[in-house]
Amino acid sequence: MKELFFLFLLIISIKSFSQTNYEFYGALKLNENDKTLVTYRLNFSESKGVLNGYSITDIGGQNETKNIIKGTYNKSTKDFSFYEDDILYTKSNYNKNDFCFVVYKGKLKLVENTNKIEGKFQSFYKNKKECINGSLVLIGSAQLYKKLNKINNKIQSSKKVDEKTKIKVNPLSILDSLKVNNLTRGQNLNVFSKSNSITIEVWDSKIDDGDCINLYQDDVEVLKNFKITNQKKTITTLLTAKKTVFSLEALNEGDRPGNTVMIRLVDSDGRVFELISFLKKGEKASITILKN
């Protein structure tokens, strides 16, 4: 009997501390130009009416930006709201003060199979002045995957499409690829952090094919002719300046085309930034750590 009682308490405690995760894909439509659509991804957890997560704007684009989002949800009234609180990273060259932060309020029945968030949004600069307003339409990832799976089944069963094209245009693979932050030739990722140190991990997350790199910190060589393997190489460094630049140079393309490196940055506040570089021999890309 005691065992049953403790099991009951355990189930109650698990439920009370549980949280549900949600993911949506879609676009922001800007009022200033009705033809302007900006891709948008929203990922958050809900626990006891509190929302925490992130948004990604211009997914895979030159101005891709990831923001911390916070919000609230009232199950009784269906009031749902979130706001972008701060920038985690951006590929844009804009000054941080030039960014607009989205604020959304609406009615929503938030359940695990919620299939759409739709309505008007406002946005504000960091100094709270009003920025561009517009509307957003976001589709739940479960619903989106369901639709894409139907499309993919038609493509894969078609006799008019060759096998190479079937692999290339697989919509499910394309959507999954958007979840990974890619760094390509000449690109720079600006990462915002308040930390005094950062840990960098580099490794080959796929097939170990002999890719070699040079890694520089502010033009000082940190790794020279380093062969990337499935084993993670970890480097911890102090951030003494307001701006620290890590440059990655591809020295070869191994046994398979493209020099690919998985990179994970972890600051002393526990925030994690993951990306994968796709470079050809001689190409470079960089990550700039900007201290707030």
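Criteria and cut-off values
- Residues numbered from 1 in each chain as written.
- Predicted model: local features only at pLDDT ≥ 70, side-chain atom pairs only at ≥ 80, totals over all residues.
- Heavy atoms only, no water.
- Helix = DSSP H or I, 4+ residues; strand = E, 2+ residues; numbered from the N terminus.
- Buried < 20%, exposed > 50% of the residue type's maximum accessible area, 1.4 Å probe, protein only.
- Areas by Shrake-Rupley, 256 points an atom, 1.4 Å probe, with all protein chains shown as cover.
- pLDDT = per-residue confidence, 0-100.
- Contact = heavy atoms within 4.5 Å.
- Core = buried A, V, L, I, M, F, W, Y, C linked by side-chain atoms within 4.5 Å.
- Pairing = 2+ DSSP bridges.
- Disulfide = S-S within 2.5 Å.
- Salt bridge = Lys/Arg side-chain N within 4 Å of Asp/Glu carboxyl O.
- Axes fitted to C-alpha atoms, helices over the stretch in contact; angles between N-to-C directions.
- Phe/Tyr/Trp six-rings, centres within 6.5 Å; stacked < 30°, edge-to-face > 60°.
- Lys NZ or Arg CZ within 6 Å of the ring centre and 35° of its normal.
- Polar contact = N/O pair within 3.5 Å; in protein donor to acceptor, adjacent residues only side chain to side chain.

Structural notes on the overall build of the protein
Along the backbone of the protein there are four helices and 18 strands. Counting only residues that meet the buried cut, the protein has 42% of its 292 residues in that class. Summed over its atoms, the accessible surface of the protein is roughly 17200 Å², and 52% of this surface lies on carbon and sulfur atoms.

A short note on the confidence of the model for the protein
With 84% of its residues at a pLDDT of at least 70, the protein reaches an overall mean of 85. Predicted confidence for residues 1-17 stays below pLDDT 50, and this span has one contact to residues more than four positions away or in other chains.

Description of the nonpolar core
By size, the foremost hydrophobic cluster in this structure holds 31 residues, and its most contacted members are Ile263, Leu265, Ile287 and Ile289. Ignoring anything within four residues of it in the chain, the contact list for Leu265 reads Ile198, Thr199, Ile200, Arg271, Val272, Phe273, Leu275, Ile287 and Ile289. Ranked by size, the runner-up nonpolar core spans 21 residues in total, among them Tyr22, Leu42, Leu51 and Tyr104.

Digging into the pairing of strand β1 (residues 20-30)
As paired elements, β1 and strand β2 (residues 37-47) share ten bridges and run antiparallel to each other. Its bridge partner being in β2, Ala27 is matched across the sheet by Thr39.

Brief notes about the state of the cysteines
Going through the model one piece at a time under the given rule, you end up with one disulfide. The disulfide bridge from Cys100 ends at Cys131, spanning 1.7 Å between sulfur atoms. Here the residue Cys100 occupies a position in the loop between β5 (79-90) and β6 (101-107), and Cys131 occupies one in the loop between β7 (116-124) and β8 (134-140), the gap between them amounting to 31 residues. In this structure Cys100 comes out as partly exposed when scored by relative accessible area, which is 30%. Exposure remark for Cys131: the relative accessible area of 13% places this residue in the buried category.

What to know about the pattern of salt bridges
Tallied over the full model, the rule gives nine salt bridges. In this structure, Lys107 engages Asp79 in a salt bridge whose closest nitrogen and oxygen atoms are separated by 2.8 Å. On the criterion of sequence distance, the pair formed by Lys107 in strand β6 and Asp79 in strand β5 is long-range, its members being 28 residues apart. Residue class for Lys107 comes out exposed when judged on its relative accessible area of 59%. A relative accessible area of 36% means that Asp79 is categorised as partly exposed. For Glu201, the salt bridge is made with Arg264, and the minimal N-O distance between the two is 2.9 Å. Here Glu201, found in strand β11 (residues 197-203), pairs with Arg264, found in strand β16 (residues 259-267); they are 63 residues apart in sequence, far enough to count as distant.

Quick notes on the sheet that holds β16
Taken in spatial order, the five strands line up as β9-β17-β16-β11-β14 in an open sheet, and their pairing is mixed. The sheet is open, and its two edges are formed by β9 (182-184) and β14 (233-238), each paired on a single side. The sheet shows a mean angle of 25° between the axes of neighbouring strands, taken without regard to direction. The pairing of β9 with strand β17 (residues 272-279) spans three bridges and is classified as parallel.

Section: the packing of aromatic side chains
Evaluated as defined, the whole model comprises six aromatic pairs. Both rings, one in Phe80 and one in Phe82, keep their centres 6.2 Å apart while their planes meet at 65°; by these two values the pair is edge-to-face. For the pair formed by Phe80 and Phe82, the shared burial category is buried. Here the basic side chain of Lys126 rests over the ring of Phe101, its NZ or CZ set 5.0 Å away from the ring centre. Above the face of the Trp203 ring, Lys232 is positioned so that its terminal group lies 4.6 Å from the ring centre.

With respect to the environment of Leu265
Considering the arrangement of structural elements, one finds Leu265 in strand β16. Judged by its relative accessible area of 0%, Leu265 falls in the buried class. Separated by 64 residues in sequence, Leu265 and Glu201 place their C-alpha atoms 6.5 Å apart.

Brief notes about unusual backbone geometry
Of note in this structure, Lys48 is not a glycine but carries a positive phi near 55°. Looking at where Lys48 falls in the secondary structure, it is placed in the loop between β2 and β3 (50-57). Overall, the relative accessible area of 66% leaves Lys48 in the exposed class. The backbone of Lys128 shows a phi angle near 80°, a positive value even though the residue is not glycine. Looking at the secondary structure, you find Lys128 in the loop between β7 and β8.

Description of the environment of Gln217
Relative to the elements of secondary structure, Gln217 occurs in strand β12 (residues 212-217). The spatial distance from the C-alpha of Gln217 to the C-alpha of Val245 is 5.8 Å, given a sequence separation of 28 residues. Contact partners of Gln217, with chain neighbours within four places excluded, come to Val222, Thr237, Leu238, Thr244, Val245 and Phe246. Looking at Gln217, its side chain comes within polar contact range of the side chain of Thr237, at 3.1 Å.

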